[in-house]
Amino acid sequence: MYMITAIIKPFKLDDVREALSEIGVHGITVTEVKGFGRQRGHTELYRGAEYIVDFLPKLKLEIAVSEEACEEVIQTIRQAANSGKIGDGKIFVTPLSRVIRIRTGEMDEDAI
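I will try to describe carefully the structure that is included in this document. (Residues numbered from 1 in each chain as written. Predicted model: local features only at pLDDT ≥ 70, side-chain atom pairs only at ≥ 80, totals over all residues. Heavy atoms only, no water.)

1. Observations regarding the sheet that holds strand 5 (residues 56-65)
Then step 1. Across the sheet, 4 strands lie side by side as 2-5-1-6; this open sheet has antiparallel pairing. The sheet terminates laterally at strand 2 (29-35) and strand 6 (89-95), the two strands that pair on one side only. If you compare each strand with its neighbour and ignore which way they point, the axes differ by 20° on average.
Then step 2. Across the sheet, helix 1 (residues 13-22) is in contact with strand 1 (2-8), strand 2 and strand 5; its angle to strand 5 comes to roughly 10°.
Then step 3. Strands strand 1, strand 5 and strand 6 of the sheet are contacted by helix 2 (residues 70-81), whose axis makes an angle of about 5° with strand 1. (Pairing = 2+ DSSP bridges. Helix = DSSP H or I, 4+ residues; strand = E, 2+ residues; numbered from the N terminus. Axes fitted to C-alpha atoms, helices over the stretch in contact; angles between N-to-C directions. Contact = heavy atoms within 4.5 Å.)

2. Digging into the environment of Lys 12
Then step 1. With respect to the helices and strands, the residue Lys 12 is situated in the loop between strand 1 and helix 1.
Then step 2. Linking Lys 12 and Asp 88, residues 76 residues apart in sequence, is a C-alpha distance of 9.1 Å.
Then step 3. Setting aside chain neighbours within four positions, we find Lys 12 in contact with Ala 80, Ala 81, Asn 82 and Ser 83.

What follows is the structure, encoded as structure tokens:
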């Protein structure tokens, strides 16, 4: 089992969610986050004053998947979140040693 964490642009959420739903992903946790990578933020103009936006709004998706579904989920996120521009995001994959569904007590693959 793996935890896939993807950092994406906010306007790509619906595309990613729909694409993941089509391949049978049933659960996603979404968190609003801020950060920057190589793009290092940008400069904006507000009421005639220029200011620097250091941290850009992003969304963090967390998806627990089986080993068999991992690569398909990664490729689906890559395709759906890709705008071809800087700041499209990153995908991190970490192993899960244990998963437990609180309501039923199901464990590991059954809990996903």
